[in-house]
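Secondary and tertiary structure notes
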Amino acid sequence: MKETNSSQEDLFFIPPSVNSARLLSGESYAYYTPCPAAITTHTSAENTPCVLGVDEAGRGPVLGPMVYGAFYLPIDLHHSLLAQNHSFDDSKVLTPGVRANLMRVLNTPGTDLFESCGYAIKVLSARDISSGMLKPSSAVYNLNAQAMDATIEIIRGVVQDRSVNVQEVYIDTIGNPATYQQKLERIFPSLKITVAKKADSLYPCVSAASVAAKVTRDVALEVLYQAVLSAQQSGDSASDAPEGWGSGYPSDSKCVGWLRRNMDPVFGWGNECRFSWGTAKEMLDVKGGARVDWPEEDEEGNGRLEFLLTSGPTKSSGQDGLRDWYGSRQAEII
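Cut-offs and rules
- Residues numbered from 1 in each chain as written.
- Predicted model: local features only at pLDDT ≥ 70, side-chain atom pairs only at ≥ 80, totals over all residues.
- Heavy atoms only, no water.
- 1 Å grid on protein atoms, 1.4 Å probe; cavity = no way out; pocket = protein on both sides within 12 Å on 5 of 7 lines; lining within 4 Å.
- Points joined across faces, edges and corners; volume = space filled by probe spheres on them.
- Nonpolar A, V, L, I, M, F, W, Y, C, P; charged D, E, K, R; others polar.
- Helix = DSSP H or I, 4+ residues; strand = E, 2+ residues; numbered from the N terminus.
- Expected span 1.5 Å × (residues − 1).
- Buried < 20%, exposed > 50% of the residue type's maximum accessible area, 1.4 Å probe, protein only.
- Salt bridge = Lys/Arg side-chain N within 4 Å of Asp/Glu carboxyl O.

A full pass over the atoms with the stated rule returns 1 cavity of 30 Å³ or more. Space inside the largest cavity adds up to approximately 40 Å³. As for the largest cavity, its lining consists of Leu23, Gly26, Glu27, Gly64, Pro65, Ser125, Ala126, Leu224, Asn271 and Glu272. The residue inventory of the lining of the largest cavity, partitioned by class, reads 4 nonpolar, 4 polar and 2 charged.

As structure tokens, this is what we get:
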């Protein structure tokens with residue numbers, strides 16, 4: 001698709017699905033558009049049968065969030081509005097300008113997309129992704145489980161919380177489509193669910209979801225980078241402005257170079273980095289200048305405070321380590 005309807009302004013369009021404050025704090029969050037005017041919900045006398053598509057962006061990068069998008073509209077507009085009128089396609093085959101232009105139109109009151117379509121976004125922060133994946137083996141929250149929960153959350157948010165009469169659901173998958181579909185059918189037995197590889201090329205609503213997710217991720221990544229760059233400049237650090245950090249993928253030499261140049265030997269990086277990724281873990285193992293020994297745990301699994309503050313009581317002196325860290329009582333002066 002040629003980039004004929006986009007402009008330089010579109011490339012810098014910040015959609016409402018990007019919450020800068022929550023991104024910078026490392027939080028995951030969800031965003032839902034208001035229900036469009038063309039859709040009447042279950043709370044109305046007549047409700048509009050709708051189709052919903054789900055896709056993600058940013059599963060593989062070491063930098064930035066993973067973003068899931070759900071896109072819904074009336075079934076009778078599915079192909080005519082999305083495929084014929086606006087040429088939605090898999091976000092990877094559209095240029096950044098075309099994707100941004102579609103997202104801008106989708107969020108502009110008075111346009112056919114705004115009046116007929118709604119979408120939901122779930123942003124899973126790099127910090128939360130890593131936190132789940134780096135838990136002890138018995139409690140690991142792996143990426144597939146996090147992705148499944150994000151999908152369930154945004155479908156439920158549209159269908160149940162916002163009472164949209166979704167009848168058909170189409171989802172793009174990376175794993176086994178049959179297994180994924182069976183899990184979702186058990187959770188949403190009233191929905192006709194189709195899970196398929198390359199669904200973002202087969203079903204326009206999934207294409208639209210991929211565009212919403214991709215634009216949200218791209219802008220989120222830029223927000224994170226600008227914050228890091230601003231902190232570097234205010235701290236008189238060397239600026240990385242000429243090169244940036246690229247796409248955020250481990251296969252991107254710009255990304256790997258940025259990680260190497262900007263790694264703190266103790267803390268690594270900030271909320272923008274997925275510490276659970278091999279790229280980050282290997283750099284910390286090789287270049288990390290300090291290791292941290294975590295405090296011992298008692299029988300109930302709680303860390304003992306005295307081991308956080310001191311090396312513990314010494315057997316030879318018989319002193320209480322926690323008391324000595326705070327200081328000892330002095331004789332009262334009269």
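That shown, we press on.
Moving on, we come to helix H10 (residues 204-234). Given 3.6 residues per turn, any residue in an α-helix points the same way as the ones three and four places further on. Taking 1.5 Å of rise per residue, 31 residues should cover 45 Å, and H10 covers 45 Å from first to last C-alpha, within 8% of that figure. Where burial is concerned, most of H10 is hidden: 22 out of the 31 residues are buried.

On to helix H4 (residues 96-106). With 9 of its 11 residues buried, H4 lies for the most part within the structure. Of the positions making up H4, those classed as buried are Gly97, Val98, Arg99, Ala100, Asn101, Leu102, Met103, Val105 and Leu106.

This paragraph deals with the pattern of salt bridges. Two side chains bearing opposite charge may form a pair once their charged atoms approach each other closely. Taken as a whole, this structure holds 7 salt bridges when the rule is applied. We note a salt bridge from Glu27 to Arg22, for which the minimum N-O separation is 3.3 Å. On the basis of relative accessibility, which here comes to 32%, the residue Glu27 falls in the partly exposed class. Since its relative accessible area comes to 30%, Arg22 is described here as partly exposed. For Asp218, the salt bridge goes to Lys214, with nearest N and O atoms at 3.2 Å. On the criterion of helical spacing, the pair formed by Asp218 and Lys214 is a turn pair, its members being 4 residues apart in helix H10. On the basis of relative accessible area, Asp218 is assigned to the partly exposed category, the value being 29%. The class for Lys214 is partly exposed, based on a relative accessible area of 23%. What you see here is one network of salt bridges that share partners, running through Asp90, Lys92 and Asp200.

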